[in-house]
Structures are given as C-alpha cells and as structure tokens.
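In case you want the letters, here they are:
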Amino acid sequence: MFKQLDKPTSILPLVVFRAVFGILLFISQTRFIAKGWVKEFFLDPSYHFTYTGFSWINPLPEFWMYSLAVSTAILALFIAFGFLYRLSAICFFLGFLYLELIDKTWYLNHYYFVSLACLLLIFLPAGNYLSIDSAISSKSQATAKKWQVQCVKWLLVLVYFSAGLAKIKYDWLINAQPLTTWLYAKDDLPIIGPLFTLSWVAYLFSWFGMLYDLLVPFFLLNKKTRPIAYVAVIVFHLLTLLLFNIGMFPLIMIGSTLIFFNDEEWDKFFKRVKAKRLIEKNNPQGAVQPTSIAMRGFLIAFFTIQLVLPIRHYFYRGDVLWNEEGFRFAWHVMLVEKNGSCQFKVVNPRTSEMWMVFPSQYLTPIQEKQMSFQPDMIWQFANHLEYLYQQKGLEDIEVYADCSVAVNLQKSRKLINTQVDLTEIKSEFALHKALLL
Amino acid sequence: MYHSHNRKKLFSLILIIVSLAGCSENSSENSGLTYYRGGQLRNVFQNEIIPIHEQFLNETIALNIAIELFSSTPTISTLEVAQEQWVNTMLAWQRCELYNFGPISMSVVHNSINKWPIDEAKIEGYVSSIELIDGDFVANLGSNTKGLAAMEHFLFSRSLTNSEILTQFKAGNAGQQRMNYVSGLSSQILVKAKDLNEQWMDYQFEFEEGKERGIAGSQNQLTNAMISEIEKIAAVKLGIPQGITNSSANPQSVESYRSGLSLSNIKKNLVTIERLFTGEFAHTPFRVGYDEYLEELGLSQLVMEIQDQIQDCQVLADNILIPLDEAVVSQPAQVTALYNAMVKLLTLIKVDLGNAIGSTITFTDNDGD
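Position numbers for residues start from 1 in each chain and track the written sequence from start to end. As they are written, the chains are lettered A onward and the ligands numbered 1 onward, keeping that order. Note on the predicted model: pLDDT of at least 70 is required for a residue's local features to be given, and 80 or more for side-chain atom pairs to be given and counted; whole-chain, interface and lining totals, by contrast, use all residues. Note that the side-chain values use all heavy atoms of the structure and ignore hydrogens as well as water.

### A closer look at the overall build of chain A
Then, in step 1: The numbering of helices and of strands both runs from the N terminus, where a helix is a DSSP run of H or I of at least 4 residues and a strand a run of E of at least 2. Helix and strand counts for chain A stand at 18 helices and 6 strands.
Then, in step 2: The reference for a compact globule is 2.2 Å times residues^0.38; the radius of gyration itself is calculated from the C-alpha atoms. What you see for chain A is a C-alpha radius of gyration of 24 Å, in line with the 22 Å of a compact globule of 437 residues.
Then, in step 3: Accessible area is worked out with a 1.4 Å probe on protein chains only. A residue is then buried under 20% of its type maximum, exposed over 50%, and partly exposed in between. Looking at the 437 residues of chain A, the share that counts as buried comes to 58%.
Then, in step 4: Working rule for contacts: check all heavy atoms of both residues, and any pair within 4.5 Å makes them a contact. Considering only intrachain contacts with a sequence separation of at least 6, the fraction spanning at least 24 residues in chain A is 71%.
Then, in step 5: A total of about 19100 Å² of accessible surface is found on chain A, and carbon and sulfur atoms cover 66% of it.
Then, in step 6: If you average the places of the 39 positive and of the 31 negative side-chain charges in chain A, the two averages end up 13 Å apart. In this description, accessible areas are obtained by the Shrake-Rupley approach with a 1.4 Å probe, and a residue is regarded as covered only by the protein chains that are shown. We count Lys and Arg on the positive side and Asp and Glu on the negative side, and we leave His and both chain ends out. The atom standing in for a charge is NZ when the residue is Lys, CZ when it is Arg, CG when it is Asp and CD when it is Glu.

The structure is reproduced here in structure tokens:
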C-alpha cells in the first residue's frame with residue numbers, strides 16, 4: 001500500500017493548504033489575543049481543569065503567557081509563507097498544544113482539529129515550494145509523495161464523517177433538537193428568519209446536516225462532484241457562521257477543504273481568473289525515497305487513533321450526550337444544548353460538620369458553566385475542594401455533588417448520585433459508578 | 001448560456017425562500033421569539049428598571065435631607081427619622097440589587113452603594129483618627145467602609161438604645177467624626193444613586209436593542225443577573241448565617257443585622273425576581289416577561305413550576321416571623337427550608353429556563369464548538 005502512496009504527485013494542494021491554513025491560524029490567534037482571552041482563559045482562573053496526565057501543564061506568568069500567544073500568531077504567519085517552515089510548524093504545534101492543554105474548559109473541536117493538522121504538517125514537505133524557504137535556498141520541490149497530500153484529506157474525511165455519524169441520534173433526527181431551539185431564536189434574521197419558526201425547517205436542517213457531514217467528504221474526493229461539493233461546503237459553513245456563535249470554525253473548514261482540489265483544477269481556476277500560472281508543470285514521474293518505517297508507523301498509529309476515538313463512546317454505558325463519556329475528541333459538533341447547576345457538600349465525617357459550596361466562589365463563570373454538566377470536571381472540582389479543605393487542616397473529608405442538568409429541552413434531572421463521595425473515586429475512568437444514567 | 005441558466009435557478013431559489021418567508025405563519029410583526037424578546041426588554045427597562053431606580057434616587061434624596069436634619073439637630077426624633085429613611089432607602093435598594101450587569105457592573109457602582117459585609121473595625125479606626133471626614137474622604141474609601149451598610153453601622157445597634165446611639169454622636173471630637181462620617185456617607189450615596197440613574201439612561205438603547213440570543217444579548221444578561229441574585233440569597237444571605245455554607249451558624253453575618261432588616265431585604269429581592277419573571281410591572285396591555293416567552297416556546301409547564309417555586313420561597317420567607325439572625329438559631333428548620341427552596345428555584349432558572357431559551361449562561365464569548 002505504501003508503494004502506491006509513495007508515488008510522486010503535485011505538491012500544489014498541500015502548499016495551498018499550508019498558506020490558507022497558516023493565515024487562518026494567524027487570524028484565529030490574533031483574534032484570541034484581541035478578545036482578551038489570554039487573561040480570561042489562562043490568567044484569571046485560580047484553578048484549571050487539566051487533562052488526565054497533563055496536570056503538570058500550568059499557565060506561565062502573565063508576560064510569558066502573552067509572549068506565547070503572540071509567538072503562535074507569528075509562527076502561523078511563518079507557516080503560511082513557508083519561512084523556517086519545519087521549525088515554525090514544530091514550535092506552533094507545541095505552543096498551541098500547550099495553550100489547549102492548560103484547561104479542558106476551553107476544549108473546542110476546531111482547536112483539536114488545528115492541533116491534529118499541525119502535527120501532520122510537521123512531517124509534510126509543505127514548505128518546500130512557493131515559500132520563503134525555497135526562495136532563499138533556491139531549492140524547490142514541486143512534487144510530494146501521495147500520502148503527504150492525502151493524509152490531510154484523510155483527516156478531513158474522518159472529521160466530517162465522524163461528525164455525521166455523531167448526528168445519528170434520536171434527539172437530532174427525531175426531535176430536531178437542539179436546532180429547533182436554536183433556529184427558533186433566530187427568527188429576526190432578514191428574509192430567512194421567519195422560516196425558522198416553522199418546525200419542518202429544523203428537521204430539514206437536522207437531516208441535511210447529518211447527510212452533509214456523512215457524504216460531503218466523499219463528494220470532495222470525487223473529481224466530478226468536487227466543485228458542487230465545495231459550494232455546499234461554503235454555503236453550509238457560512239450558514240453556521242451566520243446562525244451560531246462558533247467563531248473561526250466555519251472559516252477553518254472552508255479553508256482546509258481547498259486541499260481536495262488538485263493541480264489541474266488550480267490551473268483551470270487561474271486560467272479562468274486570468275492569473276499567472278501559480279506552478280510550473282512538474283514531473284511527477286521522478287524517483288522518490290521510500291517512506292521510512294518510523295513514518296509509516298506514525299501514520300498508522302495516528303489514523304488508527306483517529307478512527308477509534310470518535311466511536312469509543314459506543315462501547316460505554318449510557319448516552320454520550322448525557323454522561324459525556326467519550327464526548328471530547330469525537331467530533332460531536334453542535335449536538336447539544338445543555339445547562340447545569342451544581343452544589344457541593346463537604347463533610348467532615350469525624351465531626352459531622354458540613355459545608356455547602358457553590359462553585360462560583362472558586363471558578364470563573366465559563367468554567368462553572370462547563371463543569372456543571374461534565375462529570376469528569378465535576379469530579380476534578382470535588383478533588384480540588386478536598387485539597388482546599390486539606391489546606392485548612394481538615395483531613396479525610398468527603399465531597400458530594402448535587403448536580404441538575406437539562407439536555408435539549410428535557411426537564412432537568414440529577415447527573416450524579418448525591419450519595420457517592422467523589423473523593424473516593426480515584427480515577428475519572430471509574431467515574432461512571434457515580435453517574436445516574 | 002450556462003451561466004444565464006444558473007442565474008435563473010439561483011433567482012428562482014431566492015424567490016422560493018422569500019415567498020416561503022412571506023407565507024410563514026409567524027411572519028407577522030406581532031409574533032416570534034425575537035418579538036417577545038424585544039417586548040420583554042422594553043417592558044423590563046421602561047416599566048421596572050427605570051421606575052425602581054428613580055424610586056431609589058428619591059429615597060436617597062430623602063435620606064440626605066434626613067441626615068442633614070439629624071446632623072444639624074441631633075435629637076432622638078431626628079435620629080428616628082434618619083433611621084426610618086435609611087430603612088426605606090435600603091428596601092428600595094434591594095429592589096435594584098439584581099440589576100447589576102453590562103456597563104453598570106463594569107462601573108462597580110453597586111459596590112459603592114451597598115457592599116456587605118463591611119469592615120467595622122476599619123470604620124471605627126477612621127472615626128477615632130484625626131482625619132478630616134467629609135464627602136471627599138468617604139468617596140476615596142474602599143467599598144467595605146462606605147455605602148448603606150456602613151451608614152447602618154452608625155445609625156443602628158442591637159445592644160444600644162437610641163438614646164445611647166445619640167450620645168455616641170455627641171461625644172466630643174469622636175462624636176463629631178461620627179456625624180461627619182454619616183454625612184459624608186449620605187452625600188456619597190446620593191452621588192452614586194444619581195450616577196447609577198444616568199448610567200441606566202445611557203444604556204437604554206443598547207439594552208433594548210440587544211435582542212440577539214448570544215452572550216451580549218440583553219435577555220442573556222438579565223438571566224445571568226437573576227441567577228446571580230438567587231445564588232446570592234441562597235449562599236450568602238441565608239447560607240452563611242445559617243451555617244449551611246460554613247458549617248456553624250453565624251447569626252451576626254446576616255445582611256442588615258443591626259437594623260434587623262435582613263428578612264425584609266430577601267422578601268424585596270424575591271419581589272424583584274417574581275416581577276422580572278412575569279413582566280407584570282405596570283397596567284399596560286403589553287406586559288411581557290419570561291413567562292410569555294416560554295409560553296411561545298410551548299413550555300407552559302415550566303412557567304407554572306417557576307411561578308410556584310417563587311411563591312413557595314415567598315411563603316417560606318413570610319413564615320419566618322422573627323428576625324433572620326434569631327431564626328437561624330431558634331427556627332433553623334424554617335431557614336433551611338427557605339434555603340432549599342431558593343436552591344430549587346436556582347435550578348429551575350439556571351438549568352431549565354436557561355436550556356429552554358437556548359441562552360448561553362456565561363459572561364464570555366465563544367469561539368466554536
């Protein structure tokens with residue numbers, strides 16, 4: 001299989017991806033800084049919900065946090081223009097990953113996609129053509145191995161298909177939720193707004209959204225259907241940009257899917273817009289070095305993980321929208337309207353003393369909101385409370401959570417067994433014992 | 001030819017969408033969630049926020065007059081007038097307390113008017129100092145040494161009679177310092193009340209036009225403010241004195257301990273919450289609140305549950321017939337019942353109402369999903 005994938009092909013799609021993706025990342029990081037999120041996300045909270053195994057990742061002092069954020073924006077530009085490409089890709093990936101790993105409150109699918117795509121970019125020769133690097137070195141490489149272009153497409157196929165698979169849910173297809181709620185609230189939009197008050201429109205959007213996600217990557221892969229599929233990509237994502245508060249995600253997907261167009265299509269496009277040819281005709285027949293065993297192993301491992309993570313929740317007990325086990329890293333995009341409220345009861349079993357704790361005393365509003373319906377974060381906060389009370393000299397305290405959660409217009413109900421001492425649960429993977437499914 | 005054909009198709013598609021939009025059953029100007037949201041915002045601003053803040057300003061003006069009278073003629077009678085007017089002002093303030101968001105919140109003007117608990121030791125330190133105490137002095141103080149709560153410290157006592165309180169104001173230099181402090185507090189509260197009213201007037205357009213569903217939407221801000229107020233009542237006004245949030249009862253930590261007004265404060269807060277939910281502010285035909293908005297979403301059951309829960313809270317508060325600081329000791333079960341009812345109301349508003357209106361109950365923007 002790798003023999004076929006090692007064959008040379010035009011590097012142009014990968015170069016276009018590098019340039020567009022890099023510029024979008026620059027805009028995204030600049031926007032992040034301009035909105036004051038460095039302070040709000042990383043500096044203001046006194047406590048951070050770290051990922052399992054990454055509790056050692058903490059925010060840096062203020063100056064260094066800003067320096068890091070600004071650096072990622074500059075590095076994104078370096079990637080876009082192919083300047084010190086590989087080093088820039090490595091540094092951006094590490095810097096961005098560091099920012100994302102500080103607090104799971106800020107987990108977003110598009111941040112996850114950016115991390116994965118950047119990891120791939122480190123190993124791809126995207127800076128070898130039409131770049132500052134190639135201009136400086138006078139060495140230009142117009143071809144790449146097939147897999148080097150294909151792997152970004154595979155990632156996009158997986159993203160879309162998994163997102164479509166995740167939409168095959170009762171609430172989404174049969175109740176048209178949460179789109180009914182969200183669209184109804186958008187009835188003031190000019191021209192199309194009144195349509196959103198009609199229930200069939202939410203059903204149309206739900207079913208179309210599911211079919212779009214499942215099918216569009218394959219239509220993008222097919223040369224004949226590619227143009228119309230790309231129009232669908234633009235229309236779909238612009239519509240989501242217009243209707244929902246989802247920042248850069250639509251633009252990143254519109255930009256990233258440009259990689260599906262091959263060099264001939266780019267040639268046609270440039271001829272049509274009467275622009276100079278962007279790329280000289282290359283010679284894809286040249287001999288190439290076979291891909292190393294290590295690289296093959298990395299690719300197999302990378303895509304195996306990407307295949308497994310989105311479907312892992314099928315092997316867990318209960319509804320993923322309720323218990324959130326297997327929700328992250330699985331392309332569950334815009335699937336749920338969820339609200340929660342938690343109170344914690346701290347008990348000293350020796351003295352029977354009891355304290356009721358409202359998490360707003362310790363968390364920022366967005367941290368509290370995200371925690372209030374995500375069991376692993378609730379468990380983390382319970383352990384944080386145990387730590388805080390230990391600091392006050394109280395050993396062996398018990399912490400119980402009373403959390404009510406509502407999903408997609410259903411009446412609120414308890415998420416966690418209020419009789420379970422959360423400090424007794426030693427790992428988030430054992431947390432399902434405390435969940436009320 | 002090909003392009004012309006495509007244009008025709010595109011034009012037909014737009015025509016169909018526009019026609020459908022025109023034919024939709026809710027396309028009239030008097031329906032739809034945005035219509036209700038806009039109506040709710042106008043209603044709450046014009047018929048509640050402005051009147052209650054004007055009322056508070058009027059009470060503050062009266063308080064200033066009463067304090068001036070007390071300062072110029074310190075007698076039992078003028079002290080009682082000042083006390084009575086302080087109570088009126090405090091109760092008027094409790095009706096405004098919830099409305100602390102947007103530019104109002106950013107200006108922290110609420111903290112200057114009534115921040116509680118206060119630092120009594122620090123206040124007494126200022127009184128016994130040789131500092132010249134006047135309005136400017138008070139203006140520069142931290143929020144835990146000024147505002148209505150600080151004035152209560154001077155005007156009321158649970159251990160002293162009014163005659164003894166009066167004596168404190170007449171005790172030489174220290175007495176004069178006390179009087180100066182109270183006068184300074186009064187003039188500063190008036191300045192801040194005027195400032196608050198002006199801020200609301202400046203905010204009117206932005207508030208009434210903030211119909212979007214997102215984070216910056218006014219309905220979202222109102223919802224968050226209501227949640228914060230309910231949580232404050234449960235966690236701070238009831239939880240701390242009752243010992244629910246800090247293990248042991250601490251009766252003196254009730255709000256307005258010296259004046260014994262704590263339960264009345266909570267009752268006023270509940271009135272504000274109820275009126276905000278129902279939008280029943282004035283005798284106008286258009287009294288839209290959250291209830292009409294939820295009805296439009298087909299959630300009559302939730303409307304009933306929330307109204308019942310607010311009523312439960314009010315009944316439980318009415319059932320406590322002694323000051324709250326005494327009730328936490330002698331009637332703890334009744335206070336706990338009120339606390340539990342407030343927490344249940346918090347869940348209904350924060351979780352069920354929040355979920356129904358599709359509102360992002362946060363104070364920050366979002367960047368995707």
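Right, picking up where we left off after that structure.
### Let's talk about the overall build of chain B
Then, in step 1: If you tally the helices and strands in chain B, you get 16 helices and 0 strands.
Then, in step 2: Scored against the burial criterion, the 369 residues of chain B give a buried share of 53%.
Then, in step 3: Taking as baseline every contact in chain B between residues at least 6 positions apart, the subset at least 24 positions apart corresponds to 77%.
Then, in step 4: Entry remark: accessible area of chain B is about 15400 Å², with carbon and sulfur atoms responsible for 54%.

### Looking at the state of the cysteines
Then, in step 1: Whenever a pair of cysteine sulfur atoms sits within 2.5 Å, that pair is classed as a disulfide. Per the counting criterion, the structure on display carries 1 disulfide over all chains.
Then, in step 2: Note that Cys342(A) is cross-linked by a disulfide to Cys403(A), the S-S spacing being 2.4 Å. Taking the torsion about the sulfur-sulfur bond, which here is approximately 115 degrees, the covalent link between Cys342(A) and Cys403(A) counts as right-handed. On the criterion of sequence distance, the pair formed by Cys342(A) in strand E3 (residues 338-348) and Cys403(A) in strand E5 (residues 398-407) is long-range, its members being 61 residues apart.
Then, in step 3: No disulfide involves Cys313(B); its sulfur sits 20 Å from that of Cys342(A), the nearest cysteine.

### What to know about the confidence of the model for chain A
Then, in step 1: pLDDT runs from 0 to 100 and stands for how confident the predictor is about each residue. In this model, chain A carries an average pLDDT of 92, and 96% of its residues clear a pLDDT of 70 or more.
Then, in step 2: Within chain A, the lowest mean pLDDT, 82, falls on helix H1 (residues 2-5) of chain A, and the highest, 98, falls on helix H4 (residues 62-81) of chain A.

### Focus on the sheet that holds strand E4 (residues 353-357) of chain A
Then, in step 1: Pairing within the open sheet is antiparallel, and its 4 strands lie in the order E4-E3-E5-E6 (chain A). The sheet is open, and its two edges are formed by E4 and strand E6 (413-414) of chain A, each paired on a single side.
Then, in step 2: Only strands joined by at least two bridges in the DSSP assignment are considered to pair. One ladder, built from 10 bridges, connects E3(A) with E5(A); its direction is antiparallel. In the sheet register, Ser341(A) faces E5(A), and the bridge partner there is Ser404(A).
Then, in step 3: To define axes, lines are fitted to C-alpha atoms, for helices over the stretch in contact only, and angles between the resulting N-to-C directions are given on a 0 to 180 degree scale. Against the sheet, helix H18 (residues 375-391) of chain A touches E3, E4 and E5 of chain A, its axis set at about 30 degrees to E3(A).
Then, in step 4: Sheet strands in contact with helix H16 (residues 332-356) of chain B are E3, E4 and E5 of chain A, and its direction is about 150 degrees off that of E3(A).

### Side note on the pattern of salt bridges
Residues and elements named next belong to chain A.
Then, in step 1: Here a salt bridge means any side-chain nitrogen of Lys or Arg lying within 4 Å of a carboxyl oxygen belonging to Asp or Glu. One pass over the structure, following the stated rule, counts 23 salt bridges over all chains.
Then, in step 2: A salt bridge links Glu 264 to Lys 223; its shortest N-O distance comes to 3.1 Å. Here Glu 264 is found in helix H14 (residues 263-272), whereas its partner Lys 223 is found in the loop between helix H11 (199-221) and helix H12 (226-243), with 41 residues between them in sequence.
Then, in step 3: A relative accessible area of 41% means that Glu 264 is categorised as partly exposed.
Then, in step 4: Linked by salt bridges that have partners in common, Lys 104, Arg 328, Asp 376 and Glu 428 make up one network.

### Considerations on the packing of aromatic side chains
Residues and elements named next belong to chain B.
Then, in step 1: In this scheme Phe, Tyr and Trp rings, the latter by its six-membered ring, pair at centre separations within 6.5 Å, and the angle between planes marks the pair as stacked below 30 degrees, edge-to-face above 60, and tilted otherwise. Inspection of every chain in the model, using the stated rule, returns 51 aromatic pairs over all chains.
Then, in step 2: Ring centres of Phe 101 and Trp 200 lie 5.6 Å apart, and the angle between their planes is 80 degrees; on these two criteria the pair is classed as edge-to-face. On the criterion of sequence distance, the pair formed by Phe 101 in the loop between helix H3 (76-96) and helix H4 (102-107) and Trp 200 in helix H10 (residues 172-209) is long-range, its members being 99 residues apart. Grouping residues by exposure puts Phe 101 and Trp 200 together as buried.
Then, in step 3: Ring centres of Phe 154 and Tyr 181 lie 4.9 Å apart, and the angle between their planes is 45 degrees; this geometry places the pair in the tilted category. Of the two residues, Phe 154 is situated in helix H8 (residues 148-155) and Tyr 181 in helix H10; the sequence distance between them amounts to 27 residues.

### Examining the nonpolar core
Then, in step 1: Remark: nonpolar core denotes a set of buried residues (Ala, Val, Leu, Ile, Met, Phe, Trp, Tyr, Cys) joined through side-chain atoms within 4.5 Å. One finds Phe21(A), Phe113(A), Phe344(A), Ile378(A) and Leu422(A) to be the most contacted residues of the largest nonpolar core, which totals 145 residues.
Then, in step 2: A total of 12 residues in this core trace back to one element, the largest contributor, which is helix H8 (residues 146-166) of chain A.
Then, in step 3: Once residues within four sequence positions are removed from consideration, Ile378(A) is found in contact with Cys342(A), Phe344(A), Met371(A), Ser372(A), Ala401(A), Cys403(A), Leu415(A), Ile416(A) and Leu422(A).
Then, in step 4: Within the second largest apolar cluster, 106 residues are counted, among which are Leu79(B), Val138(B), Val182(B) and Ile233(B).

### Let's talk about the environment of Arg296(A)
Residues and elements named next belong to chain A.
Then, in step 1: With respect to the secondary-structure elements, Arg 296 resides in helix H15 (residues 293-308).
Then, in step 2: Residue class for Arg 296 comes out partly exposed when judged on its relative accessible area of 24%.
Then, in step 3: Residues Arg 296 and Ala 166, spaced 130 residues apart in sequence, show a C-alpha to C-alpha distance of 29 Å.
Then, in step 4: The residues touching Arg 296, leaving out its near neighbours within four places in the chain, are Phe 2, Asp 6, Pro 290 and Thr 291.

### Considerations on the environment of Ala176(A)
All names here are of chain A.
Then, in step 1: Examined against the element boundaries, Ala 176 turns out to sit in the loop between helix H9 (170-173) and helix H10 (179-184).
Then, in step 2: Judged by its relative accessible area of 0%, Ala 176 is buried.
Then, in step 3: Sequence separation between Ala 176 and Trp 200 is 24 residues, and the spatial gap between their C-alpha atoms is 8.8 Å.
Then, in step 4: With near-sequence residues (within four places) excluded, Ala 176 lies in contact with Asp 171, Ala 202, Tyr 203 and Ser 206.

### Some points on the packing of helix H11 (residues 218-242) of chain B against helix H12 (residues 262-278) of chain B
Residues and elements named next belong to chain B.
Then, in step 1: Two elements in contact, H11 and H12, have axes separated by 11 Å at closest approach and are oriented at 155 degrees. The angle between the axes of H11 and H12 places the two elements in the roughly antiparallel class. Viewed along their axes, H11 and H12 form a crossing whose handedness is left-handed. Contact with H11, carried on its side by Leu 222, Met 226, Glu 229, Ile 230, Ile 233, Lys 237 and Leu 238, involves Ile 266, Asn 269, Ile 273 and Leu 276 of H12 and no other residues of that element.
Then, in step 2: Three classes are used, and their members are as follows: Ala, Val, Leu, Ile, Met, Phe, Trp, Tyr, Cys and Pro are nonpolar, Asp, Glu, Lys and Arg are charged, and the others, Gly among them, are polar. Classifying every residue of the contact of H11 with H12 gives 8 nonpolar, 1 polar and 2 charged. Any angle that is under 35 degrees is reported as roughly parallel, and any over 145 degrees as roughly antiparallel; angles of 65 to 115 degrees are reported as roughly perpendicular and all others as oblique. Crossing handedness is defined as follows: a turn of the near helix away from the far one that is anticlockwise and smaller than a right angle gives a left-handed crossing, while the clockwise case is right-handed.

### Here's the deal with unusual backbone geometry
Then, in step 1: The omega torsion across Gln177(A) and Pro178(A) is 10 degrees, close enough to zero to call that bond cis.
Then, in step 2: Checked against the element boundaries, Pro178(A) lands in the loop between H9 and H10.
Then, in step 3: Cis geometry is adopted by the peptide bond preceding Pro117(B), which originates at Trp116(B) and carries an omega value of 5 degrees.
Then, in step 4: Along the chain, Pro117(B) falls in the loop between helix H5 (109-113) and helix H6 (120-127).

### Overview of the pairing of E3(A)
Residues and elements named next belong to chain A.
Then, in step 1: Within E3, 10 of the 11 residues are buried, which leaves it mostly tucked inside the rest of the structure.
Then, in step 2: Bridging between E3 and E4 involves 5 bridges; their strand directions are antiparallel. Bridge pairing links Val 346 to Trp 355 in E4.
Then, in step 3: What sits between the antiparallel neighbours E3 and E4 is a turn of 4 residues, in which Ser 352 has the positive phi angle 65 degrees.

### A word on the side chain of Ser162(A)
Then, in step 1: Mapped onto the fold, Ser162(A) is located in helix H8.
Then, in step 2: The term polar contact refers here to a pair of N or O atoms within 3.5 Å; inside protein, the definition further demands a hydrogen-donor-capable atom paired with an acceptor-capable atom, and it admits residues adjacent in sequence only when both atoms are side-chain atoms. At 2.6 Å, the side chain of Ser162(A) forms a polar contact with the backbone oxygen of Leu158(A).

### Regarding the environment of Ala234(B)
Residue and element names in this part refer to chain B.
Then, in step 1: Its location among the elements puts Ala 234 in helix H11.
Then, in step 2: The class for Ala 234 is buried, based on a relative accessible area of 0%.
Then, in step 3: For the pair Ala 234 and Ala 341, spaced 107 residues apart in the sequence, the C-alpha separation amounts to 8.8 Å.

### Re the packing of H8(A) against H15(A)
Residues and elements named next belong to chain A.
Then, in step 1: Contact pair H8 / H15: the axes reach a minimum separation of 11 Å and the direction vectors enclose 10 degrees. Taken together, the axes of H8 and H15 lie roughly parallel to each other. Of the residues in H15, those touching H8 at Trp 147, Cys 151, Trp 154, Leu 155 and Leu 158 are Met 295, Leu 299, Phe 302, Phe 303, Gln 306 and Leu 307.
Then, in step 2: In terms of residue class, the contact of H8 with H15 is built from 10 nonpolar, 1 polar and no charged.

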